[in-house]
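Take a look at the letters that make up each chain.
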Amino acid sequence: MKQINNNPKKKIFSGIQPTNTPHIGNYLGAMKNWLKLQDEYECTYSIVDLHSITVRQDPAKLRKQIMESFALLIAMGLDPEKSTVFVQGHNPRHAELSWILSCYTQFGELSRMTQFKDKSKKNSDNINAGLFTYPVLMAADILLYQADLVPVGIDQKQHLELARNIAVRFNNAYGETFTVPEPYISKSTAKIMSLQDPFAKMSKSDENPNSSVSVLDDRDTIIRKFKRAVTDSDKEICYKEGKDGINNLISIYSAATDKSIEQIEKEFDGKGYGDFKIAVGEAVSDMLKPMQERFKEIIKDKKYINDLMILGAEKAQRATFKTLKKVHKRVGFVVL
Ligand code: AQP
């Protein structure tokens, strides 16, 4: 007899670009939540290689970064049997749905995206169509898996809003087709700031290596980067307006140690910025150590990574067959 599941798990989709080694902003803003959610939800996590070529990449370096990013997700503790962990380009349905959805997205909507404006400024010699339509591909990523929730940093909130609008528009035109996704944003780590400029978000493409801490940095490098972090001329270690550099370090320390802001303020009462910065560096290094050790083992085994990529690709393709077929029917294509 056919079993009816009255209480299916809610679905999650999230992705990370293999544009460089992830930094602690990516880790605390997105990846760490991925791990927490994998028991409670049906999770799909992707290395979004198609997104990464909106900015020019060196092919050999990109290939290496895709392998490394994938290995990092496994090293972090994602279970490829329980969750779907895959490389976006290994499921061609993303690109196909993206084309269809781009015909349901307005030029004006895409022109308003702040990431497009920012990246156009940064890459003025390469303002390509992919950079412009990036949010449509992101909508396709999410809607293809009928995701209920999307764990992201705050920088992706506008794109997610657009994905919701596209889903609602399509559903209104053709009947219920897509789940309308909600963002899942963890408050304290929604936006980890650059260590060199507490008003700019920590970013993979920042040219100053001291601005971000890579999840693969060794202990000495991590501590050195925190020692050099830009703060203020005040002395007090407390979380308050106007102390953006210290606030950022407190948020990072809190996320790395699970201590509350009050506990941290008490712990460093009367101590100087120097001691605090070293403590943050040590805590971040301790947080990353198990993942780094596991990564070193996994990255040596190319066959293991390849096999897991094949497993992920198969699972991703299986999960998206029905939705794309439904979309084809809805828009009026002949389905064979
Ligand atoms: N600084 C951050 N704080 C918190 N969350 C962040 N995310 C990115 N930066 C921060 C979140 O990490 C996830 C994956 O990021 P991505 O690689 O897809 O996004 P990105 O914006 O391209 O990352 P970068 O580091 O800023 O790269 P560049 O320099 O190329 O623009 C996302 O959920 C994102 O919100």
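Shown above is the structure to which this text applies.
Calculation criteria
- Residues numbered from 1 in each chain as written.
- Predicted model: local features only at pLDDT ≥ 70, side-chain atom pairs only at ≥ 80, totals over all residues.
- Heavy atoms only, no water.
- Helix = DSSP H or I, 4+ residues; strand = E, 2+ residues; numbered from the N terminus.
- Contact = heavy atoms within 4.5 Å.
- Buried < 20%, exposed > 50% of the residue type's maximum accessible area, 1.4 Å probe, protein only.
- Polar contact = N/O pair within 3.5 Å; in protein donor to acceptor, adjacent residues only side chain to side chain.
- 1 Å grid on protein atoms, 1.4 Å probe; cavity = no way out; pocket = protein on both sides within 12 Å on 5 of 7 lines; lining within 4 Å.
- Points joined across faces, edges and corners; volume = space filled by probe spheres on them.
- Nonpolar A, V, L, I, M, F, W, Y, C, P; charged D, E, K, R; others polar.

Novice: Help me out: how do you make sense of the environment of Ser 212 in this one?
Specialist: In this fold, Ser 212 is placed in the loop between strand 5 (182-184) and helix 9 (219-227). Through-space distance from the C-alpha of Ser 212 to that of Lys 225 is 7.9 Å; in sequence the pair is 13 residues apart. Discounting chain neighbours no more than four positions away, the residues touching Ser 212 are His 23, Met 202, Ser 203, Asp 217 and Lys 225.

Novice: Just to check I follow, could you spell out the side chain of Gln 292 for this structure?
Specialist: By the element assignment, Gln 292 lies in helix 12 (residues 273-298). Gln 292 gets classed as buried once you look at its relative accessible area, which sits at 14%. A distance of 2.8 Å separates a polar atom in the side chain of Gln 292 from the backbone oxygen of Val 215. Apart from the residues within four sequence positions on either side, Gln 292 is in contact with Val 215, Leu 216 and Asp 217.

Novice: What am I meant to see in the layout of surface pockets here?
Specialist: To find leftover empty space, a probe the size of one water molecule is rolled over the atoms. By volume, the second largest pocket amounts to about 240 Å³. Along its surface, the second largest pocket is lined by Lys 187, Ser 188, Lys 191, Met 193, Pro 198, Tyr 239, Asp 244, Asn 247, Asn 248, Ser 251, Ser 254 and Ile 261. It is helix 10 (residues 244-257) that contributes the most residues to the lining of the second largest pocket, five residues altogether. Tallied by class, the residues present in the lining of the second largest pocket amount to four nonpolar, five polar and three charged.

Novice: Please clarify how the environment of Val 152 should be interpreted in this entry.
Specialist: By the element assignment, Val 152 lies in the loop between strand 4 (149-151) and helix 8 (157-174). Along the chain, Val 152 and Ser 186 lie 34 residues apart, while their C-alpha atoms are 8.1 Å from each other. With sequence-adjacent residues up to four places away left out, Val 152 is seen in contact with Ser 14, Gly 29, Tyr 184 and Ile 185.

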